[in-house]
Amino acid sequence: MATYRSDMSPSSGPSAVRLRLTWAQRRLFVLTVGGFQGLVWGDALLNEGRFGGSWQTALAGLALIVMAAATWWVGTSLTHRGVVVHAVPSMVIPWDEIHEIEVESQLGISTVVVHHGKGTSRRTRLAAPTSGPLGYDGDFQDKVRIMRTYWAAHRERAGETSAA
């Protein structure tokens with residue numbers, strides 16, 4: 001399997017589009033983790049841990065800080081090869097295997113679902129772009145339009161190269 005961006009030449013310019021969670025979507029979790037760490041360290045250093053602040057609690061908070069930092073990485077990239085899903089584990093969905101890109105709404109939260117596969121149909125729900133009451137993204141529809149535009153342009157190219 002090739003590495004991310006290995007199929008792009010430097011002269012081709014910015015041909016990949018990265019769709020991430022917005023700051024508004026990440027803010028509550030990141031600030032909550034920061035506040036938790038502040039309280040734990042304040043209790044451990046200033047109050048001798050009377051409320052449970054200790055190095056074990058701070059270590060648990062460190063894991064949460066790593067998770068909060070990872071929210072910046074989570075998302076989707078559109079490349080020449082296909083849709084790159086940045087999650088654990090990462091996944092590349094080639095353009096010629098995508099049947100449909102649709103928007104699903106559940107409980108007021110809109111997410112993008114990619115239907116793909118050769119012979120069988122799989123559904124992959126993308127972590128970004130997304131929009132909902134607690135994490136509104138004003139550019140959500142534009143991001144979906146960009147995804148569909150990339151899909152239309154690149155599936156035609158994939159069909160041309162496989163026919164040659």
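Scroll up for the structure.
This one's a predicted model, so the numbers in the text were calculated from it and none came from an experiment.

1. Considerations on the pairing of strand β6 (residues 109–116)
- Burial analysis of β6 places seven of its eight residues in the buried class, the great majority of the element.
- Alignment of strand β5 (residues 98–106) against β6, held across eight bridges, turns out to be antiparallel. Looking across to β6, one finds that Glu-102 is bridged to Val-113.
- With antiparallel pairing between neighbouring strands as the criterion, β5 and β6 make up a hairpin whose turn holds two residues, including Leu-107 at a positive phi of roughly 55 degrees.
- Bridge count between β6 and strand β7 (residues 122–131): six bridges; the pairing is antiparallel.

2. Topic: a nonpolar patch on the surface
- Nonpolar side chains collect at one region of the surface, where Trp-55, Leu-59, Leu-62 and Ile-65 lie side by side and expose about 440 Å² of accessible area between them.
- Relative to the elements of secondary structure, Leu-62 occurs in helix α2 (residues 55–70).
- Residue classification places Leu-62 among the partly exposed positions, given a relative accessible area of 45%.

3. So, the sheet that holds strand β1 (residues 17–20)
- With antiparallel pairing, the four strands of this open sheet are ordered in space as β1-β2-β3-β4. Strand pairing shows two members of the sheet lacking a second neighbour, β1 and β4 (91–94), which therefore form its edges. Within the sheet, the average angular offset between the axes of one strand and its neighbour, ignoring direction, is 20 degrees.
- In terms of strand pairing, strand β3 (residues 82–86) meets β4 through four bridges, oriented antiparallel. Among the inter-strand pairings, Val-84 is bridged to a residue of β4, identified as Val-92.

Rules and cut-offs
Residues numbered from 1 in each chain as written. Predicted model: local features only at pLDDT ≥ 70, side-chain atom pairs only at ≥ 80, totals over all residues. Heavy atoms only, no water. Buried < 20%, exposed > 50% of the residue type's maximum accessible area, 1.4 Å probe, protein only. Helix = DSSP H or I, 4+ residues; strand = E, 2+ residues; numbered from the N terminus. Pairing = 2+ DSSP bridges. Patch = residues over 30% accessible without salt bridge, like charges linked within 9 Å, V, L, I, M, F, W, Y side chains within 5 Å. Areas by Shrake-Rupley, 256 points an atom, 1.4 Å probe, with all protein chains shown as cover. Salt bridge = Lys/Arg side-chain N within 4 Å of Asp/Glu carboxyl O. Axes fitted to C-alpha atoms, helices over the stretch in contact; angles between N-to-C directions.

Any functional reading would require information that these geometric values do not contain.
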